[in-house]
Amino acid sequence: MTAGRLDDIKRTLLSSDQEVFFCHKTTYQGGAEDGEEGEYQSSGRESYCMGAMAWLYANSRLNLATRLGILLGNVAIDELEVATKVINTAAP
């Protein structure tokens, strides 16, 4: 990850309750690619990044997607708590 990219991601997540960050492990493996102009072209099979959800959880800023995941049983609070132990939880 380039210098400053992590802080950019964090600021983007904080900019809107509807912002998500797709997992780098699923984004390009799922058939997504960057277009000719450098814009991201979704494959429709991306997954929301657990690290991003854990960072929002650690900073008491759960966004809409994370809250829905918890309510629907797709995201467990205990998984978020474990993930916070292995990420940089500092605000940008």
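Just so it is clear, the model here is predicted, and its values are computed rather than measured.

Engineer: Just checking my understanding: could you explain the overall build of the protein chain for this structure?
Structural biologist: Each helix and strand counted, the protein chain has five helices and two strands in total. Beginning at the N terminus, the succession of helices and strands in the protein chain can be written as α-α-β-β-α-α-α. By residue count, 25% of the 92 residues in the protein chain fall in the buried class. Of the contacts made within the protein chain by residues no fewer than 6 positions apart, 56% connect residues no fewer than 24 positions apart. Carbon and sulfur atoms make up 51% of the accessible area of the protein chain, which totals about 6100 Å².

Engineer: Hey, could you run me through unusual backbone geometry in this one?
Structural biologist: Keep in mind that most residues, glycine aside, have a negative phi and that most peptide bonds are trans. Its identity as a non-glycine residue notwithstanding, serine 60 has a phi of 55°, on the positive side. Checked against the element boundaries, serine 60 lands in the loop between helix H3 (50–58) and helix H4 (64–71). Using a relative accessible area of 66% as the deciding quantity, one classes serine 60 as exposed.

Engineer: What should I look at first to understand the environment of phenylalanine 21 in this one?
Structural biologist: Position of phenylalanine 21 among the secondary structure elements: in the loop between helix H1 (5–15) and helix H2 (24–27). A relative accessible area of 21% places phenylalanine 21 in the partly exposed class. Once residues within four sequence positions are removed from consideration, phenylalanine 21 is found in contact with Arg5, Ile9, Leu13, Ser47, Tyr48, Cys49 and Ala52.

Engineer: Is there a simple way to explain H3 in this structure?
Structural biologist: Residues spaced three or four apart along an α-helix face the same direction, because each turn holds 3.6 residues. Buried residues of H3: Ala52, Met53, Ala54, Trp55 and Leu56, and no others. Of the surrounding elements, those touching the buried residues of H3 are H1, H4 and helix H5 (77–83). One or two residues past the end of H3 sits serine 60, with phi positive at roughly 55°.

Engineer: Is there a simple way to think about H1 in this case?
Structural biologist: Of the positions making up H1, those classed as buried are Ile9, Lys10 and Leu13. Taken end-on, H1 shows its buried residues confined to a sector of 100°, consistent with a single buried face. In this fold, the buried residues of H1 make contact with H3.

Engineer: It is not clear to me how the nonpolar core should be interpreted in this structure. Could you clarify?
Structural biologist: Soluble globular proteins: nonpolar side chains tend toward being buried together. Counting residues in hydrophobic clusters, the biggest one holds 13 residues, and the most contacted among them are Leu13, Tyr48, Ala52, Met53, Leu56 and Leu80. Sorting the residues of this core by element identifies H1, H3 and H5 as the ones contributing at least two each. No other element matches H3, which puts five residues into this core.

Cut-off values and rules
- Residues numbered from 1 in each chain as written.
- Predicted model: local features only at pLDDT ≥ 70, side-chain atom pairs only at ≥ 80, totals over all residues.
- Heavy atoms only, no water.
- Helix = DSSP H or I, 4+ residues; strand = E, 2+ residues; numbered from the N terminus.
- Buried < 20%, exposed > 50% of the residue type's maximum accessible area, 1.4 Å probe, protein only.
- Contact = heavy atoms within 4.5 Å.
- Areas by Shrake-Rupley, 256 points an atom, 1.4 Å probe, with all protein chains shown as cover.
- Arc of directions from axis to C-beta.
- Core = buried A, V, L, I, M, F, W, Y, C linked by side-chain atoms within 4.5 Å.

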